[in-house]
Structures are given as structure tokens and as C-alpha cells.
Amino acid sequence: MLTDNLIQIAGIIDEAEADMLVGCGVRYLGFPLRLPVHSEDLTEDSAARIIARLAPPCYGVLITYLDDARAIHDFAHQLGARIVQLHGDVAPRQLKALKLMDSGLVVIKSLVVGMHAQAKLEEDVERLAPYVDAFLIDTFDPTTGASGATGRTHDWSTSRALVEISTRPVILAGGLTPENVRRA
């Protein structure tokens, strides 16, 4: 379900935008919901309607800060999402429980540069890898407290170090633009 050249656009606002992105070749549409910091871009019912319209190779991705396996599982099921991107501090036992509940659910766990020291991020890669399908490296914004979706880049050497030790695919996020994505 996850491809080598994964491009995800998050913050879909309506069906017209989803259709436009799919028409442009975007295969992963992200729906940030139940957020502690950012405003939601659309309702949960609207997200569910859009996700229901997507067909492989296009997928809806639930992006959330939920940290309880049952809550994550039930919310993904409610939306019809088969991929979840978790930004909260989710305990390994909760990730393991989530995989036991639904082994087909793809779990992407964020690692937030600037929120934690590199040593902690490296420890998280080692500790969480058995329970996730991929990692996403994003950027912390100390002014807002947002741990992702900040539009900020981070020190990509940190990302490189995490890629080198990860046994799982790593997705780069944070302030990527047409001008910097090749360098990233």
C-alpha cells in the first residue's frame, strides 16, 4: 500500500480539492482530525465521504494525535481509512495492540525534529520499528507547540541519520517546496 515515491498532500478541504489532487497524480490524501493544536480542515463526515470515493492506488490517510489503540482503530474504521499517521506520543504497547486489532492497518509514526533530541529520536526508531510500517519525520514549531504541519524545515542531517538506522521506510515532511524538495 505504501509506494517508493510516496507523495502525500494533507489538509484536504473538500471533494473538489480531493478530485483535483487525484487528477494530478497524488496517491495519498491526508486528513488531519482530532487535533490538539491545529484547526481541522473539514468535518469527520466529509473526510469519510471523500475516503469512500478513493480507489487504489489512491488512499485516505487519517492523521491524528490519538494515543489509544482502540480509539485509533475505531476512528480509522469510522472514516474508512486503511492508513493512519500518528503524531501523538503513542506507547509501544498501544502500537502493538493496534496491530493485533487490525494487522492490515498501515501505521505511520511521526518523529518530530526539534521537539526531541536526536538521541531520543534514534531510540524511538529502534523501539517503535516492530510496531509500525513507516516513520514520518516532521518539524516542531516552538512558537505554536505544533508537532508537524508547521511548514518549517528542519536539519536534514538529523533525518539522514534516522534513515540510516531505520529498518522501516522513512517519509520526509516539513516545509518541503518545489524549490527545496530535490535537495531534501
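Refer to the structure presented above.
On to the environment of serine 159. Inspection of the secondary structure assignment puts serine 159 in helix α6 (residues 156-165). Residues serine 159 and aspartate 138, 21 residues apart in the sequence, show an inter-C-alpha distance of 9.0 Å. Those residues within four positions of serine 159 in sequence are excluded, and the remaining contacts are Ile137, His154 and Leu172.

Bringing the layout of surface pockets into the picture now. Each pocket or cavity is described by its volume, and for the largest pocket that value is around 810 Å³. Lining the largest pocket are 31 residues, and of these Gln8, Ala10, Asp138, Ala173 and Gly174 lie nearest its centre.

Considering all chains together, one arrives at eleven salt bridges under this definition. Here lysine 99 ties to aspartate 133 by a salt bridge, and the two come within 2.6 Å at their closest N and O atoms. With lysine 99 in helix α4 (residues 92-101) and aspartate 133 in the loop between α5 (118-128) and β6 (134-141), this residue pair connects regions lying 34 residues apart in the sequence. Residue lysine 99 is classed as buried on the basis of its relative accessible area, which comes to 18%. Several salt bridges converge on common partners, so that one network encompasses Glu15, Asp19, Arg49 and Arg53.

What follows covers the state of the cysteines. Scanning the model with the defined rule gives zero disulfides in all. Unpaired in terms of disulfides, cysteine 24 finds its nearest cysteine sulfur in cysteine 58, a separation of 11 Å. Owing to a relative accessible area of 58%, cysteine 24 belongs among the exposed residues under this scheme.

In terms of burial, strand β5 (residues 106-113) is largely enclosed, as eight of its eight residues are buried. Side chains of β5 alternate between two faces, with Val106, Ile108, Ser110 and Val112 and Val107, Lys109, Leu111 and Val113 buried alike. Where strand β4 (residues 83-86) meets β5, four bridges bridge the pair, whose relative direction is parallel. Among the inter-strand pairings, isoleucine 83 is bridged to a residue of β5, identified as valine 106. Where the polypeptide runs from β4 across α4 and back to β5, its parallel neighbour, the crossover connection is right-handed. The pairing of β5 with β6 spans six bridges and is parallel. Each bridged residue has a counterpart across the sheet, and for isoleucine 108 the counterpart in β6 is alanine 134. Where the polypeptide runs from β5 across α5 and back to β6, its parallel neighbour, the crossover connection is right-handed.

Cut-off values and rules
Per chain, the residues get numbers from 1 upward, laid out in the order the sequence is written. Reporting in this predicted model follows two pLDDT cut-offs: at least 70 for local features of residues, and 80 or more for side-chain atom pairs to be given and counted; totals over whole chains, interfaces and linings ignore these cut-offs and use all residues. In computing side-chain properties, one takes all heavy atoms of the structure into account and sets aside hydrogens as well as water. Numbering of helices and strands runs from the N terminus; a helix is a DSSP stretch of H or I covering at least four residues, while a strand is a stretch of E covering at least two. Working rule for contacts: check all heavy atoms of both residues, and any pair within 4.5 Å makes them a contact. Points on a 1 Å grid over protein atoms alone make up a cavity when a 1.4 Å probe fits among them but cannot get out, and a pocket when they form an open set with protein on both sides within 12 Å along at least five of seven lines; lining residues each have an atom within 4 Å of a point. Grid points are joined across faces, edges and corners, and a volume is the space filled by probe spheres set on the points. For salt bridges, the criterion is a side-chain nitrogen of Lys or Arg within 4 Å of an Asp or Glu carboxyl oxygen. Type-normalised accessible area, obtained with a 1.4 Å probe on protein chains alone, sets the label of each residue: buried when under 20%, exposed when over 50%, and partly exposed for intermediate values. Defined by distance alone, a disulfide is two cysteine sulfur atoms within 2.5 Å. Here the rule is simple: two strands pair whenever DSSP picks up at least two bridges between them. The handedness rule is simple: strands pointing away from the viewer, and a clockwise path from the first strand over the helix to the second, make the crossover right-handed.

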